Amino acid sequence: MTPGEMVAVLAAGTGAGAVNAVVGSGTLITFPVLLATGLPPVTATVSNGLGLVPGSVSAIIGYREELRGQGRRAVVLGIGAVLGGLAGAVLLLTLPASAFERIVPVLVGLALVLVACQPLIARRVRRRRRAGSRSRRDGGPLLFTGLTLASVYGGYFSAAQGIIYVSLMGMLLDDTLQRLNAVKNVLAALVNTVAAVVFLFFAEFDWTAVVLIAAGSALGGLIGARTGRRFSPAVLRALIVSVGTLALVHLVLR
């Protein structure tokens, strides 16, 4: 990796950590940068997953006030996140690389659709709450199942998993978006950590990329958690969609 590529990976890790803390989809920033350095898709995904763990932890620290009183909820939903993340990591390592290369463009495309549709999802959630619909405190089996399946996807690739989490919780839980976002950071941290443990023992990764993304994401997670509420959601969404579109084009044309 050249010095210029190292700077780019570090910067991408910082941006991904900040975006993950506030919105999710930071992988759409780091993944194309890692591919541009010449890493194969599977190696890039594994290295990215390992590197984003510190960013998830720093995001939890930044959102610790919003987590107060949500211990039971985080534990219950976290069990599903751990199981799903483990299954996703195993799928990543057991499927052939050729299959992964075919699947990734579909996953990136899905992630971009979810990012672009986030305002529509939010408006529907607000209308539902104004209409006086009731939601269970823990979301019930439906939320647990949905988040577990989303965590399978997160352990496999992780792009937009945070948006999937917030969308599901927003529809099935009666709480503020910031508190749901705090739980989202816990779930993402659990998925990333479980997948990272699997990758450390059974996967091929690039240590330089891991260290650079880890350093950047740790800093970015704190920045995102502290200042994320001041940024325009439209600006963040436009950035994610733009970078993700470039990644999708790169994957389709490679």
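Residues numbered from 1 in each chain as written. Predicted model: local features only at pLDDT ≥ 70, side-chain atom pairs only at ≥ 80, totals over all residues. Heavy atoms only, no water.

A few words now on empty space enclosed by the protein. Applying the stated criterion across every chain yields a total of two cavities of 30 Å³ or more. By volume, the largest cavity amounts to about 180 Å³. Secondary structure elements with two or more residues in the lining of the largest cavity: α1 (3–22), α4 (53–62), α9 (161–172) and α10 (177–202). Residue contributions to the lining of the largest cavity peak at five residues, all from α10. Within the lining of the largest cavity, the residues separate by chemical class into seven nonpolar, 13 polar and one charged. Reported here for the second largest cavity is a volume of approximately 80 Å³. Taken together, 13 residues form the lining of the second largest cavity, with G49, G154, G155, S158 and F199 sitting closest to its centre. (1 Å grid on protein atoms, 1.4 Å probe; cavity = no way out; pocket = protein on both sides within 12 Å on 5 of 7 lines; lining within 4 Å. Points joined across faces, edges and corners; volume = space filled by probe spheres on them. Helix = DSSP H or I, 4+ residues; strand = E, 2+ residues; numbered from the N terminus. Nonpolar A, V, L, I, M, F, W, Y, C, P; charged D, E, K, R; others polar.)

Taken together, the side chains of V197, L200, F201, F202, W207 and V211 present a nonpolar region at the surface, about 710 Å² in accessible area. Broken down by secondary-structure element, the contributors of at least two residues to the nonpolar patch are α10 and α11 (207–227). Considering every element that reaches the nonpolar patch, the biggest residue donor is α10, with four residues. Note that V197 resides in helix α10. (Patch = residues over 30% accessible without salt bridge, like charges linked within 9 Å, V, L, I, M, F, W, Y side chains within 5 Å. Areas by Shrake-Rupley, 256 points an atom, 1.4 Å probe, with all protein chains shown as cover. Salt bridge = Lys/Arg side-chain N within 4 Å of Asp/Glu carboxyl O.)

This part is about the packing of helix α5 (residues 71–94) against helix α8 (residues 140–156). Where α5 meets α8, the axes come as close as 6 Å, and the angle between the chain directions of the two elements is 35 degrees. At the point where α5 passes α8, the crossing takes the right-handed sense. Taken together, the residues of α8 that come into contact with α5 (itself represented by V76, L77, I79, G80, A81, G84, G85, A87, G88, A89, L91 and L92) are L143, F144, L147, T148, S151, V152, G155 and Y156. Tallied by class, residues from the contact of α5 with α8 come to 13 nonpolar, seven polar and no charged. (Axes fitted to C-alpha atoms, helices over the stretch in contact; angles between N-to-C directions. Left-handed = near helix turned anticlockwise from the far one by under 90°. Contact = heavy atoms within 4.5 Å.)

All right, on to the nonpolar core then. Generally speaking, soluble globular proteins have nonpolar side chains that are buried together. Counting 54 residues, the largest nonpolar core has L147, M169 and F199 as the members making the most contacts within it. If we skip the residues at most four places from it in the chain, L147 touches L77, Y165, L168, M169 and L187. (Core = buried A, V, L, I, M, F, W, Y, C linked by side-chain atoms within 4.5 Å. Buried < 20%, exposed > 50% of the residue type's maximum accessible area, 1.4 Å probe, protein only.)

For α5, with 24 residues, the first-to-last C-alpha span of 34 Å sits near the 34 Å given by 1.5 Å per residue. The largest bend in α5 comes to about 25 degrees, at G78. Looking only at α5, the buried set comprises R73, A74, L77, G78, G80, A81, G84, G85, G88, A89 and L92. (Expected span 1.5 Å × (residues − 1). Bend = angle between axes of the 7 residues up to and from the residue.)

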